[in-house]
Every structure is written in structure tokens, then in C-alpha cells.
Amino acid sequence: MKKNTINYLNITKREFEVLKLVIRGYNNNEIGKMLNISTFTAKAYVSSLIEKTGVRNRIHLCYLIGKTNLKP
């Protein structure tokens, strides 16, 4: 994957905001509070990111983004 992975995967601005928080280690509840969304909505965004990237979980998502040298 290249540095333009975000554009390639068609990730929304909000998903990108969530991705930055996932990478920093926040859980769904914390992400929800920080972005003024419900925990369920935060979880939905994380699930969407996992689906779009084809990874198994949020840890693998962080590894993938780190491997691409993407700096969210």
C-alpha cells in the first residue's frame, strides 16, 4: 500500500478522525466521548475501517497503517 492509502480505500473524513484515535490506543467508548458520538457509532466507524482495509482487528489495522508510513 502507498501513502495515498486513505484515498484509495475511500475513507471518509470522520473515519480518518476515528483512525487517528485508534492508532493512539483509544477504545470505542473514549473515541465516542472525544468525538461526541455514541460508543456504538464509534464501533461502527472502526468496523468500517477494518472492512475497508481487509484486516482482522484494530491491532492489525494499526500495524497496517504503520507499515504504510501513513502519518494520520
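Cut-offs used in this document
Residues numbered from 1 in each chain as written. Predicted model: local features only at pLDDT ≥ 70, side-chain atom pairs only at ≥ 80, totals over all residues. Heavy atoms only, no water. Salt bridge = Lys/Arg side-chain N within 4 Å of Asp/Glu carboxyl O. Helix = DSSP H or I, 4+ residues; strand = E, 2+ residues; numbered from the N terminus. Buried < 20%, exposed > 50% of the residue type's maximum accessible area, 1.4 Å probe, protein only. Contact = heavy atoms within 4.5 Å. Axes fitted to C-alpha atoms, helices over the stretch in contact; angles between N-to-C directions. Parallel < 35°, antiparallel > 145°, perpendicular 65-115°, else oblique. Left-handed = near helix turned anticlockwise from the far one by under 90°. Nonpolar A, V, L, I, M, F, W, Y, C, P; charged D, E, K, R; others polar.

**Student:** I'd like a rundown of the pattern of salt bridges, residues and numbers included.
**Tutor:** This model, assessed by the stated rule, comprises two salt bridges. Across the salt bridge formed by arginine 14 and glutamate 17, the nearest N and O atoms sit 2.8 Å from each other. Here the residue arginine 14 and the residue glutamate 17 both occupy positions in helix α2 (residues 13-23), the gap between them amounting to three residues, near one helical turn.

**Student:** Help me get a handle on the side chain of threonine 53, residues and values and all.
**Tutor:** Within the secondary structure layout, threonine 53 lies in helix α4 (residues 39-53). Its relative accessible area of 13% is what places threonine 53 among the buried residues. The contact partners of threonine 53, leaving out residues within four places of it in the chain, are Leu9, Leu61 and Leu64.

**Student:** Help me get a handle on the packing of α2 against helix α3 (residues 28-35), residues and values and all.
**Tutor:** Orientation of α2 relative to α3, taken along the N-to-C sense of each, is 130°, at an axis distance of 10 Å. On the basis of the axis angle, α2 is oblique to α3. Where α2 crosses over α3, the handedness of that crossing is right-handed. Between α2, through Arg14, Glu17, Val18, Leu21 and Val22, and α3, the contact on the second element is made entirely by Ile31, Met34 and Leu35. Each residue belonging to the contact of α2 with α3 can be placed in one class, and the counts come to six nonpolar, no polar and two charged.

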